[in-house]
Amino acid sequence: MFARLLAAFLALFQKKPVSLKNEPVITNDVTANKSPIRVNDSNPSGRVPKAIGGVAGAATIAAIVAFIGPWEGRRYTAYQDIVGVWTICEGHTKGVKAGDVATDAQCDEMAAQDVAEHNAGIRACITRPMPQNVEIAFTSLAFNAGVGAFCGSTALRRYNAGDDTGACDALNMWVRAGGKVVKGLVNRRAAESALCKG
C-alpha cells in the first residue's frame, strides 16, 4: 500500500503547477475567502500580508495523509458521513454519489490529490511560515471542516497574528457535526492540537 501511495504522490507532483494567485480555492463546495485584515499591534500598517501560497513538499503531503488516514478510515463503497455527505475512501467527497466504488489505487490517488488541494487552500490564507507539525494539524482540520471554514477560523487568525499556542488551542473549537458535539471529533481535535503544539 505504501508503494502505491508513494507512486500517487510522485504522479501528483509531476503535474505542472497551477497558479493560485488570483483564483479562489474551492474545496468541499466551499470557497476559501481571505480573512479581513485589521489594524492591530501585530499589523500596525493595516496592509494585507502576503499568503505563503504554494503546496507543501511530497514528504509533508505524505505525513498529512498518514495523519489523516486513521481518522477518516478507508471505505471502498460510497457512504453518507455523519452529516449526510456522500463520501468514499478517506473522506473524498467531490462528485461522490450512492453506489460509487473505488479500488485501493484510486483511494491512494484521491487521498494524495485531496490533501494537496486542502494544503494549498490553507496556504492561501496563512501569512507566515509553518513548521511541519502545524501544517499537518491545520491541513487535517481543513480536510475535515473545509478550507473555507479553516480560512475563517479563530485558529487561522491567531496563527497569522503570531499566537501559535492560541492557534493550536483553537483547533479544539471544531468538535460539532450537525450541531452536536461528536466524541470522534473531540478526539481528533485533541490529537491535532497536541501535534500542533509540537
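Residues numbered from 1 in each chain as written. Predicted model: local features only at pLDDT ≥ 70, side-chain atom pairs only at ≥ 80, totals over all residues. Heavy atoms only, no water.

### A short note on the environment of Thr103
Worth spelling out the cut-off: Only DSSP runs of H or I with at least four residues qualify as helices, and only runs of E with at least two residues qualify as strands; both kinds are numbered from the N terminus onward.
Summarising the element assignment, Thr103 is placed in the loop between β4 (86–89) and α3 (104–123). For Thr103 and Arg75, which are 28 residues apart along the polypeptide, the C-alpha to C-alpha distance reads 9.5 Å.

### Focus: the pairing of β4
Which entries qualify depends on this criterion: Two strands are said to pair when DSSP picks up at least two bridges between them.
With 3 bridges connecting them, strand β3 (residues 75–80) and β4 associate as antiparallel partners. By the bridge assignment, Arg75 is partnered in β4 with Cys89.

### A word on the state of the cysteines
Filter applied, for reference: Two cysteine sulfur atoms form a disulfide, by the criterion used here, when they sit within 2.5 Å. Buried residues are those whose accessible area, probed at 1.4 Å on protein chains only, stays under 20% of the maximum for their type, while exposed residues exceed 50% and partly exposed ones sit between those limits.
For the structure shown, the criterion picks out 3 disulfides. Across a sulfur-sulfur distance of 1.8 Å, Cys125 and Cys151 are joined as a disulfide pair. The sign of the S-S torsion, about 95 degrees, decides the handedness of the disulfide formed by Cys125 and Cys151: right-handed. Linking Cys125 in the loop between α3 and α4 (132–145) with Cys151 in helix α5 (residues 147–151), this pair joins segments that are 26 residues apart in sequence. The same class applies to Cys125 and to Cys151, which are both buried. The disulfide bridge from Cys168 ends at Cys196, spanning 2.0 Å between sulfur atoms.

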